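Residue-level structure breakdown
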Amino acid sequence: AQSVTQLDSHVSVSEGTPVLLRCNYSSSYSPSLFWYVQHPNKGLQLLLKYTSAATLVKGINGFEAEFKKSETSFHLTKPSAHMSDAAEYFCVVSETEYGNKLVFGAGTILRVKS
Amino acid sequence: EPEVTQTPSHQVTQMGQEVILRCVPISNHLYFYWYRQILGQKVEFLVSFYNNEISEKSEIFDDQFSVERPDGSNFTLKIRSTKLEDSAMYFCASRTSYEQYFGPGTRLTVT
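Residues numbered from 1 in each chain as written. Chains lettered and ligands numbered in written order. Predicted model: local features only at pLDDT ≥ 70, side-chain atom pairs only at ≥ 80, totals over all residues. Heavy atoms only, no water.

A word on the overall build of chain A. The number of helices and strands found in chain A is 0 helices and 12 strands. Start at the N end of chain A and walk to the C end: the helices and strands fall as β-β-β-β-β-β-β-β-β-β-β-β. On C-alpha atoms alone, chain A measures out to a radius of gyration of 13 Å, which is about the 13 Å that the 2.2 N^0.38 rule sets for 114 residues. A principal-axis box enclosing the C-alpha atoms of chain A has dimensions of 40 × 30 × 20 Å. Within the span of chain A, comprising 114 residues, buried residues form 44% of the whole. Pairs at least 24 apart in sequence give 56% of the contacts found in chain A among residues at least 6 apart. A total of about 5400 Å² of accessible surface is found on chain A, and carbon and sulfur atoms cover 50% of it. Across chain A, the mean location of the 10 positive side-chain charges is 2 Å away from that of the 9 negative side-chain charges. (Helix = DSSP H or I, 4+ residues; strand = E, 2+ residues; numbered from the N terminus. Rg over C-alpha atoms; globule rule 2.2 N^0.38 Å. Buried < 20%, exposed > 50% of the residue type's maximum accessible area, 1.4 Å probe, protein only. Contact = heavy atoms within 4.5 Å. Areas by Shrake-Rupley, 256 points an atom, 1.4 Å probe, with all protein chains shown as cover. Lys, Arg positive; Asp, Glu negative; His and termini not counted. Charge placed at Lys NZ, Arg CZ, Asp CG, Glu CD.)

Taken as a class, soluble globular proteins show a tendency for nonpolar side chains to be buried jointly. Trp35, Leu48, Phe74, Leu76 and Tyr89 of chain A are the most contacted members of the largest nonpolar core, which has 26 residues in total. The residues contacting leucine 76 of chain A, other than those within four sequence positions of it, are Val19, Leu20, Leu21, Trp35, Leu47, Leu48, Phe63, Glu64, Ala65 and Tyr89 of chain A. Core analysis: the next-biggest nonpolar cluster, separate from the first, contains 23 residues, Val19, Ile38, Ile60 and Val67 of chain B among them. (Core = buried A, V, L, I, M, F, W, Y, C linked by side-chain atoms within 4.5 Å.)

So, about the pattern of salt bridges. Within the structure shown, the criterion is met by 4 salt bridges over all chains. We note a salt bridge from arginine 22 of chain A to aspartate 8 of chain A, for which the minimum N-O separation is 3.0 Å. Residue arginine 22 of chain A is located in the loop between strand E3 (19–21) and strand E4 (23–26), and its partner aspartate 8 of chain A is located in the loop between strand E1 (3–6) and strand E2 (10–14); the two are separated by 14 residues in the primary sequence. For arginine 36 of chain B, the salt bridge goes to glutamate 44 of chain B, with nearest N and O atoms at 3.2 Å. (Salt bridge = Lys/Arg side-chain N within 4 Å of Asp/Glu carboxyl O.)

Residue and element names in this part refer to chain A. Counting through the fold element by element, glutamine 6 comes out in strand E1. Residue glutamine 6 is classed as buried on the basis of its relative accessible area, which comes to 10%. Here the side chain of glutamine 6 touches threonine 108 through a polar contact of 3.2 Å, side chain to side chain. Once you skip the residues sitting within four places of it in the chain, glutamine 6 turns out to touch Arg22, Trp35, Tyr89, Phe90, Cys91, Gly105, Ala106, Gly107 and Thr108. (Polar contact = N/O pair within 3.5 Å; in protein donor to acceptor, adjacent residues only side chain to side chain.)

Bringing the sheet that holds strand E1 (residues 5–7) of chain B into the picture now. Residues and elements named next belong to chain B. Overall, antiparallel pairing links the 4 strands, which are arranged E1-E3-E8-E7 in an open sheet. This sheet does not close on itself; its edge strands, each paired only once, are E1 and strand E7 (65–68). Averaged over all pairs of adjacent strands, the angle between their axes in this sheet comes to 20 degrees, without regard to strand direction. Taken together, the 3 bridges between E1 and strand E3 (residues 19–24) define a ladder with antiparallel strand orientation. Note that in E3 the partner of threonine 5 across the bridge is valine 24. (Pairing = 2+ DSSP bridges. Axes fitted to C-alpha atoms, helices over the stretch in contact; angles between N-to-C directions.)

Quick look at unusual backbone geometry now. Residues and elements named next belong to chain B. Of the consecutive residues threonine 7 and proline 8, the connecting peptide bond is found in the cis state with omega at -10 degrees. Although it is not a glycine, asparagine 51 sits at a positive phi angle of roughly 55 degrees. Within the secondary structure layout, asparagine 51 lies in the loop between strand E5 (43–50) and strand E6 (53–57). With a relative accessible area of 59%, asparagine 51 lands in the exposed category. With a phi close to 65 degrees, asparagine 52 is a non-glycine residue in the positive phi region. Mapped onto the elements of the fold, asparagine 52 is located in the loop between E5 and E6.

On to the interface of chain B and chain A, then. Opposite the 17 residues of chain B that make contact, chain A presents 21 residues. Both faces considered, chain B and chain A share a buried interface measuring about 1700 Å² in area, 55% of it formed by carbon and sulfur atoms. On the chain B side of the interface with chain A, the three residues burying the most area are Lys42, Tyr98 and Phe102 of chain B, jointly 36% of the side's total. The interface formed by chain B and chain A holds 0 salt bridges in total. For the interface between chain B and chain A, the tally reads 3 residue pairs in polar contact (both at pLDDT 80 or more). For the side of chain B that touches chain A, the elements supplying multiple residues, two or more each, are strand E4 (31–37), E5 and strand E9 (88–95) of chain B. Split into classes, the residues belonging to the side of chain B that touches chain A amount to 8 nonpolar, 5 polar and 4 charged. (Buried area = accessible area lost by both parts, 1.4 Å probe. Nonpolar A, V, L, I, M, F, W, Y, C, P; charged D, E, K, R; others polar.)

So, to be careful, I would describe these as geometric facts and stop short of saying anything about function.
Okay, here's the thing in structure tokens:
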């Protein structure tokens, strides 16, 4: 069975500094991995996805993530945080490339200080 | 940009009552989903729906839950007899290829 562990429930950074949100996964299949973001009172929005192509995946708003099979990790990074990045971020795994049933991590709340 | 919409945004109901949560998926999408998130817990998959039938469901999705696509636009989740533990945020999603597009959610409060 697939599972996801997000290692930090809260992360706080200053505006302009790098962001690192950590995620480890467990999957008995070749996984598809996703990062979703949720701003207050909004739906879940896809930031980026890994589906067995390039291991370094670029997403929207300057975010990227690297798939490391040896470490079973899929950490999300951004070189320079912006105030608008403050939100909750979910690491998600799916057993199929087409993302049928999604399995969510617990979420990481990112706070950006001015 | 097309988006998934859900109504109502907040529903309060008494234990034992039936509730229907409504979703309008993106118009050309073929796969539909319901997820829920109990306060303080993870987002959990409930059910997936394709070609007018359930394609997969979780163990949470027991006989008190049902889904329906009554017309060409709506996708509904019915809970027949609500329990206190059904209080949660319910998310609808739809997709055509890779990405699942999520709605903003309906917060269900059972008293």
